[in-house]
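# Structural features, examined
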Amino acid sequence: DYYQAQKAVLNTGIGSTATMVIGFDESLDERMSHLAMLRDFQDEQIKKSGHHMALKSFLCWTYKPDNTELGGQEISVEEYCRWLAICRIYLDNVTHVRTSVLTQNERALDAIAFGADDFDLPTEDEVTQSAGATISHQFDNILSYGESLGFQLHKRAPWRHSH
């Protein structure tokens, strides 16, 4: 159903992105299966459309266990960064791999050293906030953290879909 919905969105010409949440006690095989399906979908859409990309980016974020019936523990920033590195290598047909400031706050920028090249500065998200995420609105602190890691951060122009 997810891929049928993605096809419908892409067929409108407005473009789309892909996401993945990790940390639900899923297996490595389940994670890799998700990436394989996503990679195949992207290849299929590129071949069909002739565009150099279909899905503009891939965003991986972490499960927040607080206030949920599933419970569990959130994965570490280190595990998150390692997984993003695998995603960047495996999804070489997706232009941008985004790191999740939404679930990691400023530590999300650590993932830039692991292959992520994009991020958002979210202002709210009901789902993750109700599950225990604390969204920082200290955007200057988040950006300063990235610069302290040695990165030159740039605001990019909004994505445009072109034929």
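Definitions and limits used
- Residues numbered from 1 in each chain as written.
- Predicted model: local features only at pLDDT ≥ 70, side-chain atom pairs only at ≥ 80, totals over all residues.
- Heavy atoms only, no water.
- Phe/Tyr/Trp six-rings, centres within 6.5 Å; stacked < 30°, edge-to-face > 60°.
- Lys NZ or Arg CZ within 6 Å of the ring centre and 35° of its normal.
- Pairing = 2+ DSSP bridges.
- Helix = DSSP H or I, 4+ residues; strand = E, 2+ residues; numbered from the N terminus.
- Contact = heavy atoms within 4.5 Å.
- Axes fitted to C-alpha atoms, helices over the stretch in contact; angles between N-to-C directions.
- Buried < 20%, exposed > 50% of the residue type's maximum accessible area, 1.4 Å probe, protein only.
- Arc of directions from axis to C-beta.
- Salt bridge = Lys/Arg side-chain N within 4 Å of Asp/Glu carboxyl O.

### Description of the packing of aromatic side chains
A complete count under the given rule lists three aromatic pairs for this structure. When the centroid spacing of 4.9 Å and the interplanar angle of 80 degrees are considered together, the rings of Tyr 2 and Tyr 3 count as edge-to-face. Here a set of aromatic residues connected by ring pairs shows up, and it is made of Tyr 2, Tyr 3 and Phe 41. Geometry around Trp 83 places Arg 31 over its ring, the cationic atom sitting 5.1 Å from the centre. Over the ring of Tyr 90 we find Arg 39; its NZ or CZ atom is 5.8 Å from the centre of that ring.

### Quick word on the sheet that holds strand β3 (residues 96-99)
Here four strands make up an open sheet; going across it, the order is β1-β2-β3-β4 and the pairing parallel. If you trace the sheet from one side to the other, it starts and ends with β1 (16-22) and β4 (118-119), each paired once. Pairing between β3 and β4: two bridges, direction parallel. Bridge pairing in β4 links Arg 98 to Asp 118. Each of β1 and β2 (55-62) is contacted by helix α1 (residues 2-12), which is oriented at about 155 degrees to β1, the strand it contacts most.

### Considering the pairing of β1
Here β1 shows one buried face, formed by Ser 16, Ala 18, Met 20 and Ile 22, and one open face, formed by Thr 17, Thr 19 and Val 21. In this sheet, β2 lies alongside β1 in parallel orientation, the contact comprising six bridges. Bridge pairing in β2 links Ala 18 to Phe 58.

### Focus: α1
Among all positions in α1, only Tyr 3, Gln 6 and Leu 10 are buried. Down the axis of α1, the smallest arc covering the buried residues is 55 degrees, so these residues share one side. Facing away from the buried side of α1 by over 90 degrees, the exposed positions are Gln 4, Asn 11 and Thr 12.

### Observations concerning the pattern of salt bridges
One pass over the structure, following the stated rule, counts four salt bridges. A salt bridge links Arg 31 to Glu 26; its shortest N-O distance comes to 2.7 Å. A relative accessible area of 8% means that Arg 31 is categorised as buried. When the shortest N-O distance is used, the salt bridge between Glu 79 and Arg 31 registers 3.1 Å. Here the residue Glu 79 occupies a position in helix α3 (residues 77-90), and Arg 31 occupies one in helix α2 (residues 28-49), the gap between them amounting to 48 residues. Via salt bridges that share partners, Glu 26, Arg 31 and Glu 79 belong to a single interconnected network.

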